[in-house]
Amino acid sequence: MHRFEATQLILRHAENRPIVSNLGPTTDELWHAGHRDRNFYTYGNMGLCSSIALGMALSTEEQVISLDGDGSLLMNLGTIASIGREQPQNLVVVVWDNEEWGQTGHQSSHTALGTDLEKVAQSCSIPQTATVNNLEDLEGVFRQALETPGPWFIVAKIEETEYMPVAPIEPEMTLYRFRGSFGVSK
Ligand SMILES: Cc1ncc(C[n+]2csc(CCOP(=O)(O)OP(=O)(O)O)c2C)c(N)n1
Ligand SMILES: [Mg+2]
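Residues numbered from 1 in each chain as written. Chains lettered and ligands numbered in written order. Predicted model: local features only at pLDDT ≥ 70, side-chain atom pairs only at ≥ 80, totals over all residues. Heavy atoms only, no water.

Draft legend 1. The nonpolar core, seen in detail. Counting residues in each nonpolar core, the largest one holds 27 residues, and the members touching the most others are Ile 10, Val 94, Trp 96, Leu 138 and Ile 154. If you list the elements that add at least two residues to this core, you get helix 1 (3-14), strand 3 (64-69), strand 4 (91-97), strand 7 (128-132), helix 7 (135-147) and strand 8 (152-157). With 22 residues, the next largest nonpolar core counts Val 20, Ala 53, Leu 73 and Leu 74 among its residues. (Core = buried A, V, L, I, M, F, W, Y, C linked by side-chain atoms within 4.5 Å. Buried < 20%, exposed > 50% of the residue type's maximum accessible area, 1.4 Å probe, protein only. Helix = DSSP H or I, 4+ residues; strand = E, 2+ residues; numbered from the N terminus.)

Draft legend 2. Spotlight on the site of ligand 1. What surrounds ligand 1 is a group of 17 residues, the closest being Asp 70, Gly 71, Ser 72, Gly 102 and Gln 103. Residue Asn 22 places a side-chain N or O atom 3.0 Å away from an oxygen atom belonging to ligand 1. A distance of 2.8 Å is found between an oxygen atom of ligand 1 and a side-chain nitrogen or oxygen belonging to Asp 70. Contact with the protein chains removes 75% of the 590 Å² of surface that ligand 1 exposes when unbound. Elements supplying a minimum of two residues to the shell around ligand 1: helix 4 (70-75) and strand 5 (100-101). Among the elements that make up the shell around ligand 1, the one with the highest residue count is helix 4 (4 residues). Here the shell around ligand 1 is composed, by residue class, of 5 nonpolar, 9 polar and 3 charged. (Near = heavy atom within 4 Å. Polar contact = N/O pair within 3.5 Å; in protein donor to acceptor, adjacent residues only side chain to side chain. Areas by Shrake-Rupley, 256 points an atom, 1.4 Å probe, with all protein chains shown as cover. Nonpolar A, V, L, I, M, F, W, Y, C, P; charged D, E, K, R; others polar.)

Draft legend 3. Summary view of helix 8 (residues 171-181). When we look at burial in helix 8, the residues that qualify are Thr 174, Arg 177 and Phe 178. End-on view of helix 8: buried residues confined to an arc of 95 degrees, all on one side of the axis. Along its buried surface, helix 8 packs onto strand 2 (39-41) and helix 3 (49-57). One or two positions beyond helix 8, positive phi appears at Gly 183, with a value near 80 degrees. (Arc of directions from axis to C-beta. Contact = heavy atoms within 4.5 Å.)

Draft legend 4. Molecular detail of unusual backbone geometry. Pro 151 follows Gly 150 through a cis peptide bond whose omega is 5 degrees. Here the phi dihedral of Gln 87 falls at roughly 50 degrees; this positive angle occurs in a residue that is not glycine. The topology assignment puts Gln 87 in the loop between helix 5 (78-86) and strand 4. On the basis of relative accessibility, which here comes to 32%, the residue Gln 87 falls in the partly exposed class. Phi angles above zero are rare outside glycine, and Ser 125 is one such case at about 70 degrees.

Draft legend 5. Examining the pairing of strand 3 more closely. Counting buried positions along strand 3 gives 6 out of 6 residues, so the element sits mostly inside the fold. Of the two faces of strand 3, both are covered, the one formed by Val 64, Ser 66 and Asp 68 as well as the one formed by Ile 65, Leu 67 and Gly 69. Taken together, the 3 bridges between strand 1 (residues 19-21) and strand 3 define a ladder with parallel strand orientation. Paired with Ser 21 across the bridge in strand 3 is Leu 67. Where strand 3 lies against strand 4, 6 bridges are found, and the strand directions are parallel. Bridging across to strand 4, Asp 68 finds its partner in Val 95. (Pairing = 2+ DSSP bridges.)

See below:
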């Protein structure tokens, strides 16, 4: 499964739900799959995508989707424990697990060497977890996640392919657009 087609699938089902995206190719591909006001692109930082999504989920009744990366999440595993502690029923975390720090040269991450992020989530009391390897399974579990209380933690194993052009993200504009989509004044 490639991240871009998987991202397109997520967008098809997400409707108007907010989506927070990990830095680098995850953000670029979300932008190419469908730029929208409710995409909150993170750029430059590692390990904060699901932390930001957790904060959002605790601040809104809406379902919030986090598209994280294995390497970034490994940099801040405490996020998983915080999600387990807070138990936001409206949070769906999808981890694009290519088993590498892709953007910086495809170095193998811990998930290539035995770390199982789904088991980490389970041990942190996250009630709804899954690991998927293909688009069909991702679609099934993601649809279930949108219909069933979470928090959800879905590890999607992906294969890396050619990168898309870097998206023209302006962080300040991301904030203004995103806030505006919740009716918060700029
Ligand atoms: C704190 C910090 N350390 C290092 C980097 C450099 N860096 C940018 S992307 C990246 C790899 C991210 O890996 P992952 O989250 O798995 O995403 P992938 O590139 O595999 O899609 C690294 C190490 C950074 N941006 N921030
Ligand atoms: Mg990665």
